[in-house]
Each structure stands twice: as C-alpha cells, then as structure tokens.
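# Survey of secondary and tertiary structure
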Amino acid sequence: MGKRIMVVDDSRAFARQLKSMLEDTDYEIAAYCADGATAIDLYDEVQPDLVTMDILMPGMDGLDAARILIEDHPDARVVMVSSLAYDESIDEAQAIGTKAFVYKPLERERLLSALDDVTVDLQP
C-alpha cells in the first residue's frame with residue numbers, strides 16, 4: 001500500500017496533473033478536496049500520510065486550513081503547493097508548521113523530492 005495523500009486544491013486540472021505525476025511511485029491519492037473546510041472535515045476519516053494544500057481557494061484559504069489541521073493534528077504533514085510564492089506566504093507557511101513548499105507549475109522531480117523528504121520516516 002502506498003503513502004496516502006489528501007489533495008486540497010480547487011483545480012481539478014491540478015488534481016489530474018498530480019495523479020499523473022504520482023504514477024509508478026509509492027504515493028496514492030486517497031482523497032481530493034476542493035477547499036480547506038472540506039479537508040478539515042475529512043481528515044480524520046481519510047487519515048492521510050500527508051496533505052498537499054493550495055493557498056488560493058474559495059472560502060477558507062490554504063494557510064488558514066493548514067493552521068487548523070496542524071493545531072488539531074500536530075502530526076499532520078502538510079506540503080503547500082502554490083504559484084503564490086511570496087516570501088511572506090512561505091514564511092507564514094513555515095511558522096504554521098507546514099513541512100515543505102512546492103511551486104506551481106509542478107516539476108515532477110522537485111515534487112517527489114519534497115514528498116520523500118516529508119515522509120522519509122514512513123514505511124513504503
């Protein structure tokens with residue numbers, strides 16, 4: 001069984017791209033959430049090994065959702081995945097306790113490297 005990822009992003013195109021990039025790896029998408037509130041509601045049910053979180057989404061943004069997830073689940077592994085790569089966004093994500101920041105557009109090797117770094121202690 002692969003490492004389970006919860007994808008939180010309002011773009012279905014991004015979800016398809018991520019699924020394609022994860023083919024032939026030890027990662028699998030366990031859940032897709034189009035907004036942060038849904039991710040918070042489903043986290044306990046899905047119990048993902050890690051969460052990829054966009055910043056800009058309708059309703060609750062990814063930084064607020066990540067903050068709540070990490071407060072509720074201190075062991076949550078959240079990787080921010082966004083084209084919004086301003087220093088203050090990156091600093092805020094780090095202060096919240098996210099594990100990595102990956103920039104859109106995605107590059108497969110950079111993405112897999114970040115995911116591997118975040119899950120290095122998990123069994124494949």
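Up top you'll find the structure we're talking about.
Here's what I pulled together on the structure shown here. From a predicted model like this one, the values you see are computed outputs, not experimental measurements.

### Description of the overall build of the protein chain
- The secondary structure content of the protein chain amounts to five helices and five strands.
- Secondary structure elements of the protein chain, listed N to C terminal, follow the sequence β-α-β-α-β-α-β-α-β-α.
- Counting every position in the protein chain, which comprises 124 residues, the buried fraction comes to 46%.
- If you take every contact in the protein chain between residues at least 6 apart in sequence, the share linking residues at least 24 apart comes to 65%.
- For the protein chain, the accessible surface area stands at approximately 6,500 Å², while carbon and sulfur atoms represent 46% of it.
- Put simply, the protein chain has 11 plus and 26 minus side-chain charges, and the middle of one group is 5 Å from the middle of the other.

### Regarding unusual backbone geometry
- At the junction of Lys 104 and Pro 105, the peptide bond is cis and its omega measures out at 0° in the coordinates.
- Take Pro 105: it is sitting in the loop between β5 (100-103) and α5 (108-118).
- Here the phi dihedral of Asp 24 falls at roughly 65°; this positive angle occurs in a residue that is not glycine.
- At Gln 47, a position not held by glycine, the phi torsion is positive, near 50°.

### Comments concerning the side chain of Lys 3
- Mapped onto the elements, Lys 3 comes out in strand β1 (residues 3-8).
- Side-chain polar atoms of Lys 3 contact the side chain of Thr 119, separated by 3.3 Å.

### Some remarks on the pairing of strand β4 (residues 78-82)
- In terms of burial, β4 is a largely internal element, five of the five residues being buried.
- Burial of β4 is two-sided: the residues Val 78, Met 80 and Ser 82 facing one way and the residues Val 79 and Val 81 facing the other way are all buried.
- Sheet analysis places strand β3 (residues 50-53) next to β4, joined by three bridges and oriented parallel. Pairing of Thr 52 across the sheet is with Val 79, part of β4.

The rules behind the values
Residues numbered from 1 in each chain as written. Predicted model: local features only at pLDDT ≥ 70, side-chain atom pairs only at ≥ 80, totals over all residues. Heavy atoms only, no water. Helix = DSSP H or I, 4+ residues; strand = E, 2+ residues; numbered from the N terminus. Buried < 20%, exposed > 50% of the residue type's maximum accessible area, 1.4 Å probe, protein only. Contact = heavy atoms within 4.5 Å. Areas by Shrake-Rupley, 256 points an atom, 1.4 Å probe, with all protein chains shown as cover. Lys, Arg positive; Asp, Glu negative; His and termini not counted. Charge placed at Lys NZ, Arg CZ, Asp CG, Glu CD. Polar contact = N/O pair within 3.5 Å; in protein donor to acceptor, adjacent residues only side chain to side chain. Pairing = 2+ DSSP bridges.

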